[in-house]
Amino acid sequence: MIKNIIVTLIWAAVSPMAQVAASEVQPIQLKCEHLVSPLGVDTQSPRLTWMLKDDRPGARQIAYQIIVGTDSIQVLNGKGTLWNSGKQGSDQMLVVYNGKSLKAVTRYFWRVTVWDKDGNPSSSKVAAFETGMMGTNHWKGTWISDNNNINHKPAPYFRKEFEVKKDVRYARAYIAVAGLYECSINGDRVGDHQLDPMYTRFDRRTLYVTHDVTSQLKKGANAIGMVLGNGWYNHQSLAVWDFHNAPWRARPAFCLDLRIVYKDGTEETIVSERDWKTASGPITFNSIYTGEHYDARLEQPGWDKPGFDDAKWGGVRYRSVPSNQVVAQLMVPIRLVTPYKPKLMKKIDGKTYVFDMGQNMSGVTRIRIKGPEGTILKIKHGERIHESGRVDMSNIDVYYRGDKEADPFQTDILILSGKKEDEFMPKFNYKGFRYIEVTSSEPVEMTEANVTAYFTHSDVKPFGEVNTSVPLVNSLWKVTNNAYLSNLMGYPTDCPQREKNGWTGDGHLAIETALYNFDGITVYEKWLADHRDEQQPNGVLPDIIPTGGWGYGTANGLDWTSTIAIIPWQVYMFYGDSRLLENCYENIQRYVDYVDRISPDGLTTFGRGDWVPVKTTSNLELTSSVYFYTDASILAAAAQLFGKVEDHRRYTALSQKIKDAINKKFLNRTTGIYAGGSQTELSVPLYWKVVPEDMIQKVAANLNKKVEETNFHLDVGVLGAKALLNALKENGYEQSAYKVAVQDTYPSWGWWVVNGATTLLENWDLKAQRDISDNHMMFGEIGGWFFKSIGGILPDPRQPGFKNILLRPIFPEGMDHAKVTHESPYGTIVSSWTKVNKKVTYEVQIPANASATFYPPANARDKGLVKLPAGKHTLQVTLL
Ligand code: BGC
């Protein structure tokens, strides 16, 4: 690294912005609870957020005023019966509702007026949010189910007819389910969500979903239908995690209120009650883990339409409420996001076809096919193929303990009606796959047209983009995102096939990559609520969440379950929203206090260690203690944020004690080496800021030497993979970090891509015999690192939520240009550069009401930092 060279950084506004007319200034993107016009808000203090559309240089908000009321015209005219915040001299764009108490099932309108940098006001359009049940008192329906027990295979169907006699103003369906469901009204599906409601610890929290069904009702006779699936609630397939013994396990049940408000102001609620009828239908078996079986001969056309003859249908039975908390599912839903047609079809014989979808993914297959009555099709899904071209499931079925004949893994079974072209897509299952193998009991003719796969996941909005002159970087970014999305199903999972478990470590190791790339806050707020549901009174957390009981005493320590501190902290960094941190404060404290109790000297071996390393293993006590330090530091910072003076003092002292203990035991001050000096052992203390100030250079130099020794290849497991690139880049070795990041021979991320991976893998070694899923997110730091390095876009802990953006880009050798963008709470951040020889033209865009600080990289001639206001800027940087 070259230092101490005096230089000047030349920067100039190359394209001065034209002055924008004031009318082009407007508050936009109004959200409530981080969602646009949400239905079913259950809190008395919803968060209201907006952005400022104002392209002028230095654009800011100097004041705001919020109006909330139940009459949209009044709100438009600046009158709100619920809340008028008054003009607040503040640049805040996230404000917690602070008006009169909100009522259940009520539509509220709101509007914000902001005053721009010149003191001119401009108002947003009117936005809305609607409250939900707000507790249990407003439900009118009751929990019902069919009369079968947990072992019964066919899915229960339910129906009820009702009359709509008057004109409908609006109607909402509130649907609470233990298990999974699909609802339809007059034969049409309600909503476009998949696998609702999301998986929770069912005996502690049950979710209900709200849908606007106004347009689905008609005057006269109507019918409502429900099909229930088992999901994680009634796990019938056997696997090592014991979900079939979950304490909550029962036959799926539901409670439904269909609230109709008529144009004359009266209202009526159609409810789940004893007057519903039930029967079984074509879904003869369903398992979230293995597959769905469908017998098209058992279809009952018109069952969810009025006028259907349900004389053969039976009565329902009452069920108790599954948990004390029936709360709104206020989050981004799972959807069938991206359809894929086969890239290739191989006809093995008249009864066997294999389809290559060209992309590994989580999802489902839709099949449309005609064939002789009773023909049985087995639709098997896998990530690999044998040399014969048949699907190979040996890398993913290893923990399955069920009946491989009756309940084959990752396989749907379809029995054809013989009467028509049958269409089937599972409702209550998903799989991890790239290849689909269809085998049939009778010869059938198939083409690519018969099959569509849907990449299915929590439909989080893309929030980031990486586009560079280096194809491998672009591929790695895409591949990482595909692995991330494959592992987002209302909670982050480890893999979409073998386990589908909410492994805590995998979740937090990927959190920055997640938040740079996707609008994930609602999913993480839900998952952290799952954490709170699962925490033991003593503070301990299981390492899969949710869990039916498995995951204690399984090395469920700090390097995995620090999710409880790390995720709320990162959400605060990325969104500037401290609610999750506040909601988890007591839980983080309980967790840290527990570890403190079992670790009087500040060191702990509570953890799993550097999982799936290339070669060298690392010291468990060192890595676990570093995570202990991290949690204590986060707790101390949170205490300060929330004005908890005594806690702040106490946890600052605790984190200092842990740090000192780590350095005393593991740091050789003479050599600058921690423990055995592995890549992980050097990078973890550097990245998590445990290294004493005066030793950083020495330790970083040792780390750099270590990666030089491996010729810029990885020798880490998951903990090192999180830390390594950052530790190098943040301490002056950005070129080394970059070389490791774009390495394409074994062992490296690039090696996976070179070998055709379309998602990240679980093991560096392609020939490994275990831990070999082809769709894992635990090594996913790479995708986020591009934002931090090539884009250099970082949140400023002192002004989180990108209120102030730290710009610390690197301009590595081998890359000529890059454009990295991130949708921050203030708007789009662009960090883009072009390099010609030693001259870099660096273009940035800072959203209105935000600012940035540019830190030239270590190899820039000028080291002076530059403060940038909102707007577009072009800086010229000369490299050494
Ligand atoms: C999972 C991992 C997980 C690990 C911990 C594996 O089976 O797939 O991603 O974190 O177990 O032991």
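Cut-off values and rules
Residues numbered from 1 in each chain as written. Predicted model: local features only at pLDDT ≥ 70, side-chain atom pairs only at ≥ 80, totals over all residues. Heavy atoms only, no water. Helix = DSSP H or I, 4+ residues; strand = E, 2+ residues; numbered from the N terminus. Rg over C-alpha atoms; globule rule 2.2 N^0.38 Å. Buried < 20%, exposed > 50% of the residue type's maximum accessible area, 1.4 Å probe, protein only. Areas by Shrake-Rupley, 256 points an atom, 1.4 Å probe, with all protein chains shown as cover. Lys, Arg positive; Asp, Glu negative; His and termini not counted. Charge placed at Lys NZ, Arg CZ, Asp CG, Glu CD. Near = heavy atom within 4 Å. Polar contact = N/O pair within 3.5 Å; in protein donor to acceptor, adjacent residues only side chain to side chain. Nonpolar A, V, L, I, M, F, W, Y, C, P; charged D, E, K, R; others polar. Pairing = 2+ DSSP bridges. Axes fitted to C-alpha atoms, helices over the stretch in contact; angles between N-to-C directions. 1 Å grid on protein atoms, 1.4 Å probe; cavity = no way out; pocket = protein on both sides within 12 Å on 5 of 7 lines; lining within 4 Å. Points joined across faces, edges and corners; volume = space filled by probe spheres on them. Parallel < 35°, antiparallel > 145°, perpendicular 65-115°, else oblique. Left-handed = near helix turned anticlockwise from the far one by under 90°. Contact = heavy atoms within 4.5 Å. Salt bridge = Lys/Arg side-chain N within 4 Å of Asp/Glu carboxyl O. Phe/Tyr/Trp six-rings, centres within 6.5 Å; stacked < 30°, edge-to-face > 60°.

**Regarding the overall build of the protein**
Right, so step 1: Of regular secondary structure, the protein possesses 16 helices and 46 strands.
Right, so step 2: A compact globule built from 880 residues should have a C-alpha radius of gyration of about 29 Å, and the protein, at 28 Å, falls within 12% of that.
Right, so step 3: The dimensions of the protein, computed from C-alpha atoms along their principal axes, are 90 × 70 × 55 Å.
Right, so step 4: Counting only residues that meet the buried cut, the protein has 64% of its 880 residues in that class.
Right, so step 5: Summing over all exposed atoms, the protein offers an accessible surface of approximately 31400 Å²; the carbon and sulfur share of this is 49%.
Right, so step 6: Looking at the protein, you have 99 positive and 96 negative side-chain charges, and the mean spots of the two groups are 3 Å apart.

**Thoughts on the site of the ligand**
Right, so step 1: In the region of the ligand, the neighbouring residues are Asp494, Arg498, Glu499, Trp503, Asp506, Trp560, Arg608, Trp611, Glu762, His776 and Met778.
Right, so step 2: Here an oxygen atom of the ligand sits 2.7 Å away from a polar atom, N or O, in the side chain of Arg498.
Right, so step 3: A total of 310 Å² of accessible area belongs to the ligand in isolation, and the protein chains cover 95% of it.
Right, so step 4: A per-class count over the shell around the ligand returns four nonpolar, one polar and six charged.

**Details of the pairing of strand 16 (residues 206-212)**
Right, so step 1: In terms of burial, strand 16 is largely enclosed, as six of its seven residues are buried.
Right, so step 2: Examined bridge by bridge, strand 13 (residues 168-178) and strand 16 share five bridges and lie antiparallel to one another. When the sheet's bridge partners are listed, Ala173 is paired in strand 16 with His211.

**Regarding the sheet that holds strand 40 (residues 804-807)**
Right, so step 1: Spatial ordering of the open sheet is given by 39-40-44-45, a layout of four strands whose pairing is mixed. Each edge of the open sheet is held by one strand with a lone partner, namely strand 39 (793-795) and strand 45 (866-868). Taking the axes of each pair of neighbouring strands and ignoring which way they run, one obtains an average angle of 30° across the sheet.
Right, so step 2: The pairing of strand 40 with strand 44 (residues 851-854) spans four bridges and is classified as parallel.

**So, unusual backbone geometry**
Right, so step 1: The linkage connecting Asp196 with the following residue, Pro197, adopts the cis geometry, with an omega of -15°.
Right, so step 2: Tracing the backbone through its elements, the reader meets Pro197 in the loop between strand 15 (188-189) and strand 16.
Right, so step 3: A cis geometry characterises the amide bond from Ile545 onward to Pro546, with omega recorded as -5°.
Right, so step 4: On the secondary structure map, Pro546 appears in the loop between helix 5 (521-534) and helix 6 (558-561).

**Description of the layout of surface pockets**
Right, so step 1: Looking at the largest pocket, its volume works out to about 1700 Å³.
Right, so step 2: Lining the largest pocket are 48 residues, with Tyr687, Lys689, Glu730, Pro797 and Leu806 sitting closest to its centre.
Right, so step 3: For the lining of the largest pocket, the secondary structure elements donating two or more residues are helix 4 (511-517), helix 7 (563-575), helix 9 (620-641), helix 11 (679-687), helix 12 (696-709), helix 13 (718-730) and strand 39.
Right, so step 4: In terms of residue count, the dominant contributor to the lining of the largest pocket is helix 9 (seven residues).
Right, so step 5: In terms of residue class, the lining of the largest pocket is made up of 28 nonpolar, eight polar and 12 charged.
Right, so step 6: As for the second largest pocket, its lining consists of 29 residues, of which Glu182, Tyr294, Glu299, Trp303 and Lys427 are closest to the centre.
Right, so step 7: Mapped by element, the contributors of at least two residues to the lining of the second largest pocket are strand 14 (180-185), strand 15, strand 22 (292-295) and strand 33 (422-424).
Right, so step 8: With three residues, strand 14 is the single largest residue contributor to the lining of the second largest pocket.
Right, so step 9: Among the residues making up the lining of the second largest pocket, the classes are represented as 12 nonpolar, five polar and 12 charged.

**Observations concerning the packing of helix 7 against helix 8 (residues 579-598)**
To characterise two packed helices, one gives the angle between the axes of the helices and the distance between these axes.
Right, so step 1: Where helix 7 contacts helix 8, the two axes come as close as 9 Å, and the packing angle between them is 155°. Here helix 7 is positioned roughly antiparallel relative to helix 8, judged by the angle of their axes. As for how helix 7 packs across helix 8, the hand of that crossing is left-handed. Facing Ile564, Ala565, Pro568, Trp569, Val571 and Tyr572 of helix 7, the residues of helix 8 in contact are Leu580, Leu581, Cys584, Asn587, Ile588 and Tyr591.

**Concerning the pattern of salt bridges**
Right, so step 1: Counted by the stated rule, this structure contains 56 salt bridges.
Right, so step 2: The partner of Arg56 in a salt bridge is Asp116, and the shortest N-O contact between them spans 2.8 Å. With a gap of 60 residues between them, Arg56 in the loop between strand 4 (47-53) and strand 5 (61-69) and Asp116 in strand 8 (residues 107-116) connect regions that are remote in the sequence. The pair formed by Arg56 and Asp116 is uniform in burial state, with each residue classed as buried.
Right, so step 3: One salt-bridge network, held together by shared partners, links Glu33, Arg47, Glu525, Asp577 and Arg579.

**Some remarks on the environment of Gly791**
Right, so step 1: Among the structural elements, Gly791 can be located in the loop between helix 16 (781-788) and strand 39.
Right, so step 2: In this structure Gly791 comes out as buried when scored by relative accessible area, which is 0%.

**Details of empty space enclosed by the protein**
Right, so step 1: Evaluation of the coordinates by the stated rule reveals five cavities of 30 Å³ or more.
Right, so step 2: Taken as a whole, the largest cavity encloses approximately 120 Å³ of empty space.
Right, so step 3: Residue lining of the largest cavity: 14 residues in total, with Leu195, Tyr199, Trp232, Ile288 and Met489 positioned closest to the centre.
Right, so step 4: Residues of the lining of the largest cavity, tallied by class, amount to 12 nonpolar, two polar and no charged.
Right, so step 5: Empty space within the second largest cavity amounts to approximately 90 Å³.
Right, so step 6: The wall of the second largest cavity is formed by Tyr181, Glu182, Cys183, Arg189, Val190, His193, Gln194, Leu195, Asp196, His211, Lys427 and Phe428.
Right, so step 7: Broken down by class, the residue content of the lining of the second largest cavity amounts to five nonpolar, three polar and four charged.

**Considering helix 14 (residues 734-741)**
Right, so step 1: Most of helix 14 is tucked away: six of the eight residues are buried.
Right, so step 2: For helix 14, every residue scored as buried is listed here: Glu734, Ser736, Ala737, Tyr738, Val740 and Ala741.

**Quick word on the packing of aromatic side chains**
Right, so step 1: Going through the model one piece at a time under the given rule, you end up with 42 aromatic pairs.
Right, so step 2: Ring plane angle 10° and centroid distance 4.9 Å describe the contact between Tyr199 and Trp232, whose orientation is recorded as stacked. One end of the pair, Tyr199, is in the loop between strand 15 and strand 16; the other, Trp232, is in the loop between strand 17 (220-229) and strand 18 (253-262), with 33 residues separating them in the sequence. The same class applies to Tyr199 and to Trp232, which are both buried.

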